[in-house]
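Overview (structure and organization)
Chain residues, written in single-letter form:
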Amino acid sequence: MSTARSSSRSPGRSGLGGIFGGEALQRGTVLMYLSLIVLIPLAAVVWTSGEEGWSGFWAAITAPEGMAALRLTFGAAFVVTAINAVAGTLIAWVLVRDSFWGQGIFNSVIDLPFALPTIVAGLTLLALYGPGSPVGIDIAYAPVAVVVALLFVSLPFVVRAVQPVLEELDTEMEEAAASLGASRFTIFRRIILPTLMPAILGGSGLTFARSLGEFGAVVLVTGNIAFETQVASVYIFGQIEGGDIPAASAVSVVLLAFSLLALIGLNVVQGRWTRHEE
Amino acid sequence: MKSRLALRAVALGYLGFLILLPVGGVFWITFRDGFMPFWESITTPEALNAFYLTVFAAVVAVVANTVFGVAAAIMLVRRRFPGKQLLSALIDLPLAVSPVVVGLALILVYGTYGWFGGWLAEQGILIIFSFPGIILATVFVSLPFVVREVVPVLREVGTEQEQAASTLGASSWQTFWRVTLPSIRPGVTYGIVLTTAKALGEFGAVSVVSGRIIGRTETLTLHVEDRFQAFDLAGAYAASVVLAVLALGTLFAMNLLKPKEEKA
């Protein structure tokens, strides 16, 4: 099977050689499309951030307002990632191991934050937990609003990473451990958690990357108060409007670098896990 | 049993307070005074314009990214070339970039003082603060979805049928239309649904490049923010409800079309 597959992948053998104007043209078109829309623009951000040299870059990201925004962003991202790791695992557990009426709907609701536009997510949170809140909770324009908004948009990541792993997990080991007298907590900690860990970490990496860059959900509920509730993406937006493009680019590069780091770290963890499984 | 109920209560409570109550609340506030105020808010010329612009940008993004996505997926699965891993990683890049950074990146290249923008302006082509900029931003943020959904399906179906077709004398295009495309259709469809959802809902990137000329370069998400800033809460909620209904439709389609191996 594997030999048949690898030989059939050789160029021209699949019978699709001539489509999209033949191989060279296809490759050229794909690369050009990706370059014009994604790669060249992102390169321009990195280039612009370095235009005033290393000291200019450093000065831009250590400017008091920018620094405060970055600190809040990273702090909130860590808090959200930690909460999401626990809550996401718990929700996945309830979805897989529990069964109750309405579970199907409960399961679909998890994807709602993916489908709902971020600005709508922000507005809905503000409607319920803002000034004039019908339930009497007002968290708007405070740092905790950043955390709640980020929890909303990143909800599916850990749940959807852990759920399939939990579904595949055999209960035999757990039953064996229970019959040998292990407590429920011990079973969870020693048997279930190690298996789920790669998935939890993978989902957490996505959560962290998303939290660093989120804009739409955060912009309305935080009220954009410098040094207090202003996150990095909102700060960048302000710098663009104010015309300070080098400063906007420098902070953008910091966000870009750490998002990529989180995602690459996640790939390494998952790659290691897959190899281990084989 | 008790702990099971407790876990269930915690999970449902978390989801209820974080997602369901806020979303339900917006529907309740919007329709509190009946259907007419909602209808009036979403049929203003600005709201209708924003709606058409959003749909148009989404259609362009879906068509462009579907053609690109299928071509790129075929390249990644069926061809062999150096740097394949790198290309695959680069295609995922838009998922890791903050929407505001996407907007900044496009301004730096296609803005009037940007790398290509000056030359384009001389040709009379204005991209940033204009319609093409909104489309570029929408295409950027929704670029990876079709590729990501088609790659695993294409890998799964293998090449036997394509080879058989080509042995029997089918041209490459015939093989593509009659054999490859039908077999990857579920992946393509699911990718299109995800692309549509992302394209309809994008706010940050579009917000930076649009220049917000009300009634001209305002998408539906921008219209929500504009109404909110203008203290027209009814207008903001009404437009939000339209977007939320589109999102629920997408969600429904997602559940219907989710590829089997992902359904688990």
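What comes next concerns the included structure. (Residues numbered from 1 in each chain as written. Chains lettered and ligands numbered in written order. Predicted model: local features only at pLDDT ≥ 70, side-chain atom pairs only at ≥ 80, totals over all residues. Heavy atoms only, no water.)

**Overview of the overall build of chain A**
Rule in force here: Each helix corresponds to a stretch of at least 4 residues labelled H or I by DSSP, and each strand to a stretch of at least 2 residues labelled E; elements are numbered beginning at the N terminus. With a 1.4 Å probe rolled over the protein chains alone, any residue whose accessible area is under 20% of its type maximum counts as buried; one over 50% counts as exposed, and the rest are partly exposed.
A count of helical and extended segments in chain A gives 13 helices and zero strands. Taken from the N to the C terminus, the helices and strands of chain A come in the order α-α-α-α-α-α-α-α-α-α-α-α-α. A total of 278 residues make up chain A; the buried ones form 53% of that total.

**Concerning the overall build of chain B**
Stated precisely, the cut-off is as follows: Residue contacts are defined here by distance: any two heavy atoms, one from each residue, within 4.5 Å place the two residues in contact. We count Lys and Arg on the positive side and Asp and Glu on the negative side, and we leave His and both chain ends out. For the purpose of locating charges, the reference atoms are NZ of Lys, CZ of Arg, CG of Asp and CD of Glu.
From N to C terminus, chain B includes 14 helices and zero strands. Its helices and strands in sequence order give chain B the pattern α-α-α-α-α-α-α-α-α-α-α-α-α-α, from N to C terminus. By residue count, 54% of the 264 residues in chain B fall in the buried class. Partitioning the contacts of chain B with sequence separation of at least 6, the portion at a separation of at least 24 is 71%. Charge separation in chain B, taken as the distance between the mean sites of 19 positive and 16 negative side-chain charges, equals 12 Å.

**Here's the deal with the packing of aromatic side chains**
Aromatic ring pairs are defined here through the distance separating the ring centres and the angle between the ring planes. Filter applied, for reference: Only Phe, Tyr and Trp rings are paired, with Trp represented by its six-membered ring, and only when their centres lie within 6.5 Å; those with planes under 30 degrees apart are stacked, over 60 edge-to-face, the remainder tilted. Two conditions define a charge sitting above a ring: the NZ of Lys or the CZ of Arg must be within 6 Å of the ring centre, and it must be within 35 degrees of the ring normal.
Under the criterion given, the structure shown has 21 aromatic pairs over all chains. Above the ring of Trp28 of chain B, the side-chain terminus of Arg32 of chain B is found at 5.3 Å from the ring centroid.

**Considering the nonpolar core**
Stated precisely, the cut-off is as follows: What is meant by a nonpolar core is a set of buried Ala, Val, Leu, Ile, Met, Phe, Trp, Tyr and Cys residues, joined one to another through side-chain atoms within 4.5 Å.
One finds Ile91, Phe152 and Ile240 of chain A together with Phe68 and Ile91 of chain B to be the most contacted residues of the largest nonpolar core, which totals 180 residues. The element contributing the most residues to this core is helix H8 (residues 143-168) of chain A, with 16 residues. Beyond its immediate sequence surroundings of up to four residues, Ile91 of chain A is in contact with Phe106, Ile110, Leu155 and Val159 of chain A together with Ala11, Tyr14 and Leu15 of chain B.

**Considering the interface of chain B and chain A**
This is how it is decided: Summed over both partners, the accessible area (1.4 Å probe) lost when two parts come together is defined as the buried area. Salt bridge, as used here: a side-chain nitrogen of Lys or Arg that lies within 4 Å of a carboxyl oxygen of Asp or Glu. Polar contact is defined as a pair of N or O atoms within 3.5 Å, subject to the rule that within protein one atom must be able to donate a hydrogen and the other to accept it, and that residues adjacent in sequence are counted only when both atoms are side-chain atoms.
On the chain A side, the residues contacting the 91 residues of chain B number 86 residues. Buried area between chain B and chain A, both sides added, is near 7900 Å², and the carbon and sulfur share of it is 76%. For the chain B face of the interface with chain A, the top three residues by lost area are Tyr14, Arg79 and Leu104 of chain B, together amounting to 8%. Put simply, chain B and chain A have two salt bridges between them. Among the ionic pairs, Asp98 of chain A bridges to Arg4 of chain B, the shortest N-O distance being 3.8 Å. Here chain B and chain A share nine residue pairs in polar contact (both at pLDDT 80 or more) between them. When residues in the side of chain B that touches chain A are grouped by element, the largest group, 18 residues, is from helix H1 (residues 2-31) of chain B.

**As for the side chain of Ser130 of chain B**
Residue and element names in this part refer to chain B. Tracing the backbone shows Ser130 in the loop between helix H6 (117-122) and helix H7 (131-141). Taking the relative accessible area as the measure of exposure, Ser130 reaches 16% and is therefore buried. Contact partners of Ser130, with chain neighbours within four places excluded, come to Val209, Ser210 and Thr217.

**Considering helix H7 (residues 118-129) of chain A**
Residue and element names in this part refer to chain A. Filter applied, for reference: What a helix should span is 1.5 Å times the count of its residues minus one.
Taking 1.5 Å per residue as the helical rise, H7 with its 12 residues ought to reach 16 Å, and the 16 Å between its terminal C-alpha atoms agrees with that figure. In terms of burial, H7 is a largely internal element, 12 of the 12 residues being buried. All buried positions along H7 are accounted for by Thr118, Ile119, Val120, Ala121, Gly122, Leu123, Thr124, Leu125, Leu126, Ala127, Leu128 and Tyr129.

**Quick notes on the environment of Thr66 of chain B**
All names here are of chain B. Relative to the helices and strands, Thr66 resides in helix H3 (residues 45-78). Here the alpha-carbon distance between Thr66 and Asn255, two residues 189 residues apart in the chain, equals 20 Å. Beyond its immediate chain neighbours, meaning those up to four positions away, Thr66 contacts Val146, Val188 and Ile192.

**Looking at unusual backbone geometry**
At Tyr141 of chain A, a residue that is not glycine, the phi angle is positive and equals roughly 60 degrees. Position of Tyr141 of chain A relative to the elements: it lies in the loop between H7 and H8. Taking relative accessible area as the criterion, Tyr141 of chain A reaches 35% and is therefore assigned partly exposed. In this model, Phe231 of chain B sits at a positive phi of 60 degrees, which is unusual for a non-glycine residue. Along the chain, Phe231 of chain B turns up in the loop between helix H12 (220-229) and helix H13 (233-257).

**Focus on the pattern of salt bridges**
One pass over the full model with this rule turns up 10 salt bridges over all chains. Between Arg160 of chain A and Asp111 of chain A there is a salt bridge whose closest N-O contact spans 3.2 Å. Within this pair, whereas Arg160 of chain A is found in helix H8, its partner Asp111 of chain A is found in the loop between helix H5 (103-109) and helix H6 (112-115), the two being separated by 49 residues in sequence. For the salt bridge of Arg148 of chain B with Asp92 of chain B, the shortest nitrogen-to-oxygen distance reads 3.2 Å. Of this pair, Arg148 of chain B sits in helix H8 (residues 144-157) while Asp92 of chain B is found in helix H4 (residues 84-92), placing the two residues 56 residues apart along the sequence. Connected through shared salt-bridge partners, Asp98 of chain A together with Arg4 and Arg8 of chain B make up one network.

**What to know about helix H2 (residues 35-42) of chain B**
For an α-helix, the turn length of 3.6 residues means that residues three or four places apart are oriented alike. All names here are of chain B. Heads up, the rule is: Arc definition: directions from the helix axis to the C-beta atoms.
The complete set of buried residues in H2 reads Phe38, Ser41 and Ile42. Projected onto a plane normal to the axis of H2, the buried residues spread over an arc of 90 degrees and lie on a single side. Taken together, the buried residues of H2 touch H1, H3 and H13.

**A closer look at the environment of Met197 of chain A**
Among the structural elements, Met197 of chain A can be located in helix H10 (residues 184-213). Sequence separation between Met197 of chain A and Ala85 of chain A is 112 residues, and the spatial gap between their C-alpha atoms is 9.8 Å.

**Considerations on the packing of helix H2 (residues 22-49) of chain A against H4 of chain B**
Quick reminder of the rule: What counts as an axis is a line fitted to C-alpha atoms, over the stretch in contact for a helix, and the angles between N-to-C directions run from 0 to 180 degrees. When describing relative orientation, an angle under 35 degrees is termed roughly parallel and one over 145 degrees roughly antiparallel, while 65 to 115 degrees is termed roughly perpendicular and anything else oblique. We call a crossing left-handed when the near helix sits turned anticlockwise from the far one by less than a right angle, and right-handed when that turn is clockwise. Charged means Asp, Glu, Lys or Arg here, nonpolar means Ala, Val, Leu, Ile, Met, Phe, Trp, Tyr, Cys or Pro, and polar covers whatever is left, Gly included.
H4 of chain B packs onto H2 of chain A with a crossing angle of 40 degrees between their chain directions and a minimal axis gap of 11 Å. In terms of axis orientation, H2 of chain A runs oblique to H4 of chain B. Taken as a pair, H2 of chain A and H4 of chain B cross one another with a handedness that is left-handed. The segment H2 of chain A lies against H4 of chain B, with Leu31, Leu34 and Leu39 of chain A engaging Leu87, Leu90 and Ile91 of chain B. Split into classes, the residues belonging to the contact of H2 of chain A with H4 of chain B amount to six nonpolar, no polar and no charged.

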